[in-house]
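One letter stands for each residue in the lines below.
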Amino acid sequence: MLPNRLYEGCLNGAVPVVLDGTEVARRVAAWGCGFTVAAPDAAAVAAALSAIDPTGLAARRAAVAALPRAALEMDEAECRHLTAAICGGRGRGLGRIRRRCLRSRCQNPMC
């Protein structure tokens, strides 16, 4: 799972299933909101999914619902800071960023 999928999924209430031993798995463990898969193969995925019980799933769903929105989504100031860091300030490369910005809720005039 890519990190953006973790944030997008959790924003939409999905309980993440992630590969063990990754930074995404460490984040999910810290949040207590998902399940890990031991290896990226069908048998490991099947084993992990078949081990999920209703109580564990309900607990993970509650953990996802309790995550603060600020942990999952950038606010305008963070978006401006990141855009400036990527583009080296207001002047360079912003047209490319504007054309590629797909965040419908983004209010950043730099996007």
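Since this is a predicted model, take the numbers as computed values, not measurements.

Draft legend 1. Examining the overall build of the protein chain more closely. Scanning the protein chain from N- to C-terminus turns up seven helices and two strands. Ordered by position in the sequence, the α and β elements of the protein chain form the string α-β-α-β-α-α-α-α-α. Across the protein chain, every contact between residues at least 6 apart in sequence was considered, and the portion connecting residues at least 24 apart equals 43%. Roughly 7,300 Å² of accessible area belongs to the protein chain as shown, and the carbon and sulfur atoms make up 57% of that amount.

Draft legend 2. The state of the cysteines, seen in detail. A complete count under the given rule lists zero disulfides for this structure. Between C33, a free cysteine, and C10, which holds the nearest cysteine sulfur, the sulfur-to-sulfur gap is 4.4 Å. Residue classification places C33 among the buried residues on the basis of a relative accessible area of 0%.

Draft legend 3. Layout of the nonpolar core. Residues L6, C10, V28, W31, C33 and L67 are the most contacted members of the largest nonpolar core, which totals 14 residues. Elements with a minimum of two residues in this core: α1 (3-11), α2 (23-31) and α4 (54-66). Looking at this core, the element that brings in the most residues is α2, giving four residues.

Draft legend 4. Local environment of helix α6 (residues 76-87). Compared with an ideal rise of 1.5 Å per residue, which puts twelve residues at 16 Å, α6 spans 16 Å between its outermost C-alpha atoms and is within 8% of the ideal. Backbone geometry just after α6 places G88 at a positive phi near 75 degrees.

Draft legend 5. Quick peek at the pattern of salt bridges. In total, this model carries four salt bridges according to the counting rule given. In this structure, the salt-bridge partner of E73 is R69, at a minimum N-O distance of 3.1 Å. Taking the relative accessible area as the measure of exposure, R69 reaches 45% and is therefore partly exposed.

Draft legend 6. Representation of the environment of V15 in the model. Within the secondary structure, V15 is located in the loop between α1 and β1 (17-19). In contact with V15, other than residues within four places in its own chain, are C33, G34, F35, L57, R60, R61 and V64.

Draft legend 7. Representation of the environment of L11 in the model. Relative to the helices and strands, L11 resides in helix α1. Along the backbone, L11 and P68 are 57 residues apart, and their C-alpha atoms lie at a distance of 9.5 Å. In this structure L11 touches R69, L72 and E73, once residues within four positions along its chain are discounted.

Draft legend 8. Up close: the confidence of the model for the protein chain. Scored by pLDDT, the protein chain comes out at a mean of 83, with 77% of its residues at no less than 70. Mean pLDDT across the elements of the protein chain ranges from a minimum in helix α7 (residues 94-100), with 46, to a maximum in α4, with 97.

Draft legend 9. Spotlight on the packing of α1 against α2. Put simply, α1 and α2 touch, their axes get as near as 10 Å, and they point 30 degrees apart. In terms of their interaxial angle, α1 and α2 are classed as roughly parallel. Classified by chirality, the crossing of α2 by α1 is right-handed. Residue-level contacts link P3, L6 and Y7 of α1 to V24, R27, V28 and W31 of α2. Here the contact of α1 with α2 is composed, by residue class, of six nonpolar, no polar and one charged.

Cut-offs and rules
- Residues numbered from 1 in each chain as written.
- Predicted model: local features only at pLDDT ≥ 70, side-chain atom pairs only at ≥ 80, totals over all residues.
- Heavy atoms only, no water.
- Helix = DSSP H or I, 4+ residues; strand = E, 2+ residues; numbered from the N terminus.
- Contact = heavy atoms within 4.5 Å.
- Areas by Shrake-Rupley, 256 points an atom, 1.4 Å probe, with all protein chains shown as cover.
- Disulfide = S-S within 2.5 Å.
- Buried < 20%, exposed > 50% of the residue type's maximum accessible area, 1.4 Å probe, protein only.
- Core = buried A, V, L, I, M, F, W, Y, C linked by side-chain atoms within 4.5 Å.
- Expected span 1.5 Å × (residues − 1).
- Salt bridge = Lys/Arg side-chain N within 4 Å of Asp/Glu carboxyl O.
- pLDDT = per-residue confidence, 0-100.
- Axes fitted to C-alpha atoms, helices over the stretch in contact; angles between N-to-C directions.
- Parallel < 35°, antiparallel > 145°, perpendicular 65-115°, else oblique.
- Left-handed = near helix turned anticlockwise from the far one by under 90°.
- Nonpolar A, V, L, I, M, F, W, Y, C, P; charged D, E, K, R; others polar.

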